[in-house]
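Okay, here's what each chain looks like letter by letter:
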Amino acid sequence: MSAQQRLPRDYRVRAQQMTAVYIAVGLGTPGIALSVLNLDDVPGGVKLLVMALVLALFGWLVWASKRCATSADLEGIRVRRFTGSRRLAWADVQDIRAVPNPGAAAAKNQPNVISYAYDYAGRRVQLMYVDDNHVDVPREIAVLRAAWEELRGPDWEPEPEALERIERQAVREGRMLTGMYWGCGTFVVIALVVMVVLITSD
């Protein structure tokens, strides 16, 4: 299958997740409004200003959540984030990878696997929504890599310094993940030992 048949591809937030955003905003706005309106010794003009800022912030969050996306076409990859966007021509891409998400343990609904494209200097750009909460990551990475290999041009050559930087990042993150796993394991063991001591000491 050629790149023209694979592309364009568009990755966006799921409808269910946008529904959760709408619910959070819908429930949060009245609560904050009541809290602000019930403030004593605060002028009415200040209350109105605070309410306007809160509404603007919530409106921006909804708009930005819908705007964020990753798209791939015959020209390259475009990533739209909460602040700004980034466009990578296929010839500038040095690699496309899926990696474990180090923040997965920090929040319940975080993806376990996220994806990056690496530019000509080895700097990585997270591919928004190309993660295991939204897509079949191995399949989509394979599609993007196949398009990259076809469209980057016959004269394309890897940048040795960029590849070295990419590998250094991978090693550094691997060590960090290993440290986190060891830390969590040690904490669990210590907690179990403490519980056993407390139970048996009675």
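Here's a quick rundown of the structure. Keep in mind it's a predicted model, so treat the numbers as computed, not measured.

### A few points about the sheet that holds strand S1 (residues 9-12)
- Spatially, S1-S2-S3-S4 is the arrangement adopted by the 4 strands of the open sheet, whose pairing is antiparallel. Lying at the two open borders of the sheet, with one neighbouring strand each, are S1 and strand S4 (85-89). Strand-to-strand twist in this sheet, taken as the mean axis angle between neighbours without regard to direction, amounts to 10 degrees.

### A look at the environment of Lys-66
- Within the secondary structure layout, Lys-66 lies in helix H3 (residues 44-67).
- Considering only alpha carbons, one finds Lys-66 and Arg-14, 52 residues apart in sequence, at a separation of 9.4 Å.
- Excluding residues within four positions of it along the chain, Lys-66 makes contact with Arg-12, Met-18 and Tyr-22.

### Here's the deal with the sheet that holds strand S5 (residues 95-100)
- If you walk across this open sheet you meet the 3 strands as S5-S6-S7, and the pairing is antiparallel. One side of each edge strand has no neighbouring strand; the edge strands of this open sheet are S5 and strand S7 (124-126). Each strand of the sheet is rotated relative to its neighbour by a mean of 35 degrees, with strand direction disregarded.
- Summarising the sheet, strand S6 (residues 113-118) and S7 pair through 3 bridges and their orientation is antiparallel. Paired with Tyr-116 across the bridge in S7 is Gln-126.
- Along the sheet, helix H4 (residues 137-151) contacts S5 and S6; its crossing angle with S5, the most-contacted strand, is approximately 165 degrees.

### Focus on a nonpolar patch on the surface
- Side chains of Leu-57, Trp-60, Leu-61, Trp-63 and Phe-82 sit close together on the surface and give an oily, nonpolar patch of about 480 Å² of accessible area.
- Secondary-structure assignment places Leu-57 in helix H3.
- Classification of Leu-57 by relative accessible area gives partly exposed; the value is 45%.

Scoring rules and cut-offs
Residues numbered from 1 in each chain as written. Predicted model: local features only at pLDDT ≥ 70, side-chain atom pairs only at ≥ 80, totals over all residues. Heavy atoms only, no water. Pairing = 2+ DSSP bridges. Helix = DSSP H or I, 4+ residues; strand = E, 2+ residues; numbered from the N terminus. Axes fitted to C-alpha atoms, helices over the stretch in contact; angles between N-to-C directions. Contact = heavy atoms within 4.5 Å. Patch = residues over 30% accessible without salt bridge, like charges linked within 9 Å, V, L, I, M, F, W, Y side chains within 5 Å. Areas by Shrake-Rupley, 256 points an atom, 1.4 Å probe, with all protein chains shown as cover. Salt bridge = Lys/Arg side-chain N within 4 Å of Asp/Glu carboxyl O. Buried < 20%, exposed > 50% of the residue type's maximum accessible area, 1.4 Å probe, protein only.

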